[in-house]
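Inside the fold
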Protein chains: 2
Amino acid sequence: MSFTTKLAAAWAHNQSLLMVGLDPDTSRLPEPFLHRDPTDILNFCKGIVDATAPYVCGFKPQIAYFAAHAAEPQLEVLCDYIRRSYPHLVLMLDAKRGDIGSTADQYAKEAFERYQADAVTVNPYMGLDSIEPYFAWPDRGVIILCRTSNPGGSDLQFLKLESGQPLYLHVAELVAKKWNHHGQCGLVVGATFPEEIAQVRQVVGDLPLLIPGIGAQGGDIDATVQAGRDANGTGMMINSSRAILYASSGIDWQDAAARAAQATQQAINRARGL
Amino acid sequence: MSFTTKLAAAWAHNQSLLMVGLDPDTSRLPEPFLHRDPTDILNFCKGIVDATAPYVCGFKPQIAYFAAHAAEPQLEVLCDYIRRSYPHLVLMLDAKRGDIGSTADQYAKEAFERYQADAVTVNPYMGLDSIEPYFAWPDRGVIILCRTSNPGGSDLQFLKLESGQPLYLHVAELVAKKWNHHGQCGLVVGATFPEEIAQVRQVVGDLPLLIPGIGAQGGDIDATVQAGRDANGTGMMINSSRAILYASSGIDWQDAAARAAQATQQAINRARGL
């Protein structure tokens, strides 16, 4: 099954475009997690996964939060848990890798074999041969940074090219028209810039978009959905991390996360007219 | 001691601008390493480090080659070994990370606390706030991708901006004039494009350059040194990986690596007029 087929099924399964980002910041783990060690990181993430699984299309563990604590073995267990318990949902590894071919091949093995991710985020700065090795796994997705939601996102991405086009839009066009010959690509486009999501959608057709920036980063759900939906009213993995993970720091953390996820799912669906 | 001070001392110690990249490809390990497992990866890298240490200014482990084999514990041991055995040489973690502030903070912890690297390579696509968290470790270096030596390097980096300047040169200027207010930055500029190294050198003053692409990637040593040297005749970490690591696949792998490293060091020094 191709990544886009799995993603479409995941959108349909829970009628949800919401993706939950698993960014376990040890300084913000709720009350019951006293040790703030790799075991706590794993158990917190599993608890979030179980609490929010009915309301999402997938999960996106961010590898940095594991790597900083030597918790790669726990990330392996978590990925395995997600794949076994929720095989109908998408598992995306947020790693934003970018390196030359022979090294990218190692990163692809890390994402697709070691962690068994359905998709991985990558950086386009080093060009096509830094992306191609990922296509050797034909059933996986490769989600390429285009326009990011952070303040410094504009430093490079908003630079105007000779053609008058900003860099991020050139990247969108390059990916949709040249790099996506295997149909495995998607793009990261931040929710803080709905007009720019609309411009990207216009040049990329039905390419799936990973849209971070909802919730803690302040993106507007209605504007995002109007700008980013594809012809089927889907086309987006709208990511929320902190607003769901840390909805409560007390013993009700799981209930609070579930409520926050459900509320976000519903807000997205209202914006889709469902 | 600042990173630039440590680097200058390392250049002087062995009179060498050569950096050895530790990219342990398990399919290419020499004859004695039968298991091709994490222990073999570690022992091969330690053997290369010991054999080449007299001829280099530093070592650059590439994390992907460890991560693909769940060999992060071995990378920790290797980094610790380099720091204890060769404290006068530079330890650079080649990770090419790039993410928003809160996540970049985790990657900085990974590089600077877990692996105790003197410097780390990062990607500029997400802008200044994806770089800033690394500056919280004032004695460490942050080496930013500018112009890479791979074929796809031109896809984005060579795009012409409205100003007529190619993107990579804009990045060089941005880093040298705006992002480097703590004096911790360096740039990655591939050896396959000596004229471009010269252009970068012209806009960045004495900023240290990490120059991959010598050896297996075919970069010309003389042209590189002429283009990249700073006012002191140094300013470069010229990286070679495969041509040294895999100089022999037989039992003489350590001697062959030492000879290859020494020959490269000497070729670089001849080009410097030493």
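Cut-offs applied
- Here the residue numbering is sequential within each chain, running from 1 through the sequence in written order.
- The order in which chains are written sets their letters, starting at A; the order in which ligands are written sets their numbers, starting at 1.
- Only residues with pLDDT of at least 70 are given local features in this predicted model, and only at 80 or more are side-chain atom pairs given and counted; all residues enter the totals for whole chains, interfaces and linings.
- To get the side-chain values, take all heavy atoms of the structure and skip hydrogens and water.
- The helix count covers DSSP runs of H or I at least four residues long, the strand count covers runs of E at least two residues long, and both are numbered beginning at the N terminus.
- Between the two quantities, the radius of gyration covers C-alpha atoms and the globule rule is 2.2 Å times the number of residues to the power 0.38.
- Throughout this description, buried means an accessible area under 20% of the type-specific maximum (1.4 Å probe, protein chains only), exposed means over 50%, and partly exposed covers the range between.
- Shrake-Rupley sampling with a 1.4 Å probe provides the accessible areas, and residues are treated as covered by the protein chains on show and by no other component.
- For the purpose of counting charges, residues Lys and Arg are taken to be positive, whereas Asp and Glu are taken to be negative. His and the chain ends are not included.
- To locate a charge, the coordinates of NZ of Lys, CZ of Arg, CG of Asp or CD of Glu are taken.
- Fitting of the copies onto one another was done by least squares over C-alpha atoms, counting residues only where both copies have pLDDT of at least 70.
- Any two residues whose heavy atoms approach within 4.5 Å are treated as being in contact.
- Throughout, an axis means a line fitted to C-alpha atoms (over the contacting stretch in the case of helices), and angles, computed between N-to-C directions, take values from 0 to 180 degrees.
- Geometric relationships in this document are graded by angle, where less than 35 degrees denotes roughly parallel, more than 145 denotes roughly antiparallel, 65 to 115 denotes roughly perpendicular, and other angles denote oblique.
- Two helices crossing with the near one rotated counterclockwise from the far one by less than a right angle form a left-handed crossing, whereas a clockwise rotation gives a right-handed crossing.
- Throughout this description, the term nonpolar core refers to a set of buried Ala, Val, Leu, Ile, Met, Phe, Trp, Tyr and Cys residues connected via side-chain atoms within 4.5 Å.
- Strand pairing is assigned whenever DSSP identifies at least 2 bridges connecting the two strands.
- Here a polar contact is taken to be a pair of N or O atoms separated by no more than 3.5 Å, where protein atoms must pair a possible hydrogen donor with a possible acceptor and residues adjacent in sequence count only if both atoms sit in side chains.
- Take the number of residues in a helix, subtract one, and multiply by 1.5 Å to get its expected span.
- Two parts placed together each lose some accessible area; with a 1.4 Å probe, that loss summed over both constitutes the buried area.
- When a carboxyl oxygen of Asp or Glu is within 4 Å of a side-chain nitrogen of Lys or Arg, the pair counts as a salt bridge.
- Charged means Asp, Glu, Lys or Arg here, nonpolar means Ala, Val, Leu, Ile, Met, Phe, Trp, Tyr, Cys or Pro, and polar covers whatever is left, Gly included.
- UniProt positions are given in the numbering used here, feature names are shortened, and annotations may be inferred rather than shown by experiment.

**What about the overall build of chain A?**
Tallying secondary structure elements over chain A gives 11 helices and eight strands in all. In summary, chain A has a C-alpha radius of gyration of 18 Å against a globular reference of 19 Å for 274 residues, a match within 12%. Taking the principal axes of the C-alpha coordinates as reference, chain A spans close to 55 × 45 × 35 Å. Counting across all 274 residues of chain A, residues that qualify as buried make up 66%. In the form shown here, chain A has an accessible surface area of approximately 9100 Å², with 49% of it arising from carbon and sulfur atoms. Chain A carries 22 positive and 29 negative side-chain charges, and their two centres are separated by 3 Å.

**Quick look at the relation of the copies chain B and chain A**
In screw terms, the move from chain B to chain A is a rotation of 180° and a rise of 0.0 Å along the axis, fitting with an RMSD of 0.0 Å. Read as a symmetry element, the transformation amounts to a two-fold axis. Taken as a fraction of all interface residues of chain B, those also at the interface in chain A reach 100%, which identifies the copy contact as same-surface.

**A look at the packing of helix α8 (residues 194-204) of chain B against helix α9 (residues 221-228) of chain B**
Residues and elements named next belong to chain B. Following both chains from N to C, one finds α8 and α9 inclined at 15°, their axes separated by 8 Å at the closest point. When the axis of α8 is compared with that of α9, the two are roughly parallel. Along this stretch, α8 crosses α9, giving a crossing that reads as right-handed. Contacts between α8 and α9 pair Pro194, Ile197, Ala198 and Arg201 from the former with Ala223, Thr224, Ala227 and Gly228 from the latter.

**Comments concerning the nonpolar core**
Formed by 207 residues in total, the largest nonpolar core has its most connected members in Leu187(A) and Leu187(B). The residues contacting Leu187(A), other than those within four sequence positions of it, are Ile143(A), Ile144(A), Cys146(A), Ala172(A), Val175(A), Val200(A), Val204(A), Leu207(A), Pro208(A), Leu209(A) and Leu210(A).

**Examining the sheet that holds strand β1 (residues 18-22) of chain B**
Reading around the barrel, the eight strands line up as β1-β2-β3-β4-β5-β6-β7-β8 (chain B) and close back on themselves, with parallel pairing between neighbours. For this sheet the average axis-to-axis angle between neighbouring strands, irrespective of direction, equals 30°.

**Thoughts on the environment of Thr103(B)**
Mapped onto the fold, Thr103(B) is located in helix α5 (residues 101-114). Distance from Thr103(B) to Leu91(B), taken between C-alpha atoms, is 23 Å for residues 12 residues apart in sequence. Those residues in contact with Thr103(B), other than ones at most four positions away along the chain, are Gln62(A), Ala64(A) and Tyr65(A). At 3.4 Å, the side chain of Thr103(B) forms a polar contact with the side chain of Tyr65(A).

**Looking at helix α11 (residues 253-271) of chain B**
Residue and element names in this part refer to chain B. The end-to-end C-alpha distance of α11 is 27 Å, a good match for the 27 Å that 19 residues give at a rise of 1.5 Å each. The set of residues buried in α11 consists of Trp253, Ala256, Ala257, Ala258, Ala260, Ala261, Thr264, Gln265, Ala267, Ile268, Asn269 and Ala271. Looking at the buried side of α11, the elements it contacts are β1, α2 (38-52), α9, β8 (236-240) and α10 (242-245).

**Remarks on the interface of chain B and chain A**
If you look at the interface, chain B gives 54 residues, while chain A gives 54 residues. Overall, the association of chain B and chain A removes approximately 4400 Å² of surface from exposure, summing both partners, and the carbon and sulfur fraction of that is 55%. Taken together, the links from chain B to chain A amount to four salt bridges. A salt bridge links Glu72(B) to Arg114(A); its shortest N-O distance comes to 2.9 Å. Across the chain B-chain A interface, the total number found is 29 residue pairs in polar contact (both at pLDDT 80 or more). Going through the elements one at a time, α3 (64-67), α4 (72-85), β3 (90-97), α5, β5 (141-147), α6 (153-157) and α7 (167-179) of chain B are the ones with two or more residues in the side of chain B that touches chain A. Counted by class, the side of chain B that touches chain A contains 24 nonpolar, 15 polar and 15 charged residues.

**With respect to the environment of Gln106(A)**
The topology assignment puts Gln106(A) in helix α5 (residues 101-114). Between the C-alpha atom of Gln106(A) and that of Asp155(A), which follows or precedes it by 49 residues, the distance is 29 Å. Leave out the neighbours within four places in its chain, and Gln106(A) touches Asp25(B), Ala64(B), Tyr65(B), Ala68(B) and His69(B).

**Some details on the environment of Arg229(B)**
Residue and element names in this part refer to chain B. Mapped onto the elements, Arg229 comes out in the loop between α9 and β8. Along the primary structure Arg229 and Asp206 are separated by 23 residues, whereas in three dimensions their C-alpha atoms are 8.7 Å apart. Not counting chain neighbours up to four residues away, the residues in contact with Arg229 comprise Arg201, Thr234, Met236, Ala271 and Arg272.

**Describing the side chain of Asp25(B)**
Its location among the elements puts Asp25(B) in the loop between β1 and α2. In contact with Asp25(B), not counting residues within four places along its chain, are Gln106(A), Tyr65(B) and Tyr246(B).

**Here's the deal with the sheet that holds strand β3 (residues 90-97) of chain A**
Residue and element names in this part refer to chain A. Spatially, β1-β2-β3-β4-β5-β6-β7-β8 is the arrangement adopted by the eight strands of the closed barrel, whose pairing is parallel. Adjacent strand axes in the sheet meet at a mean angle of 30°, parallel and antiparallel pairs treated alike. In terms of strand pairing, strand β6 (residues 185-189) meets strand β7 (residues 209-211) through two bridges, oriented parallel. Within β7, the position partnered with Val188 by the bridge is Leu210. Against the sheet, helix α2 (residues 38-52) engages β1 (18-22) and β2 (58-61), with an angle of about 170° to β1.

**Focus on the pattern of salt bridges**
Scanning all chains against the criterion turns up 24 salt bridges over all chains. The salt bridge involving Asp99(B) is made with Lys96(A); its shortest N-O contact spans 2.9 Å. Here Lys96(A) lies in strand β3 and Asp99(B) lies in the loop between β3 and α5, a pairing that spans two chains. Given the relative accessible area of 8%, Lys96(A) is considered buried. Between Asp105(B) and Lys109(B) there is a salt bridge, with its nearest N and O atoms 3.5 Å apart. In this pair, Asp105(B) and Lys109(B) both sit in helix α5, four residues apart, roughly one turn of the helix. The network of salt bridges with shared partners includes Lys60(A), Asp94(A), Lys96(A) and Asp99(B).

**Topic: the UniProt feature "active site" (unreviewed entry) in chain A**
With numbering aligned to this structure, UniProt lists the feature "active site" (unreviewed entry) at Lys96(A). Here the side chain of Lys96(A) touches Asp94(A) through a polar contact of 2.9 Å, side chain to side chain.

**Some details on the side chain of Gln265(A)**
All names here are of chain A. Counting through the fold element by element, Gln265 comes out in helix α11 (residues 253-271). For Gln265, a relative accessible area of 9% translates into the label buried. Beyond its immediate sequence surroundings of up to four residues, Gln265 is in contact with Asn14, Gln15, Ser16, Leu18, Pro54 and Tyr55.

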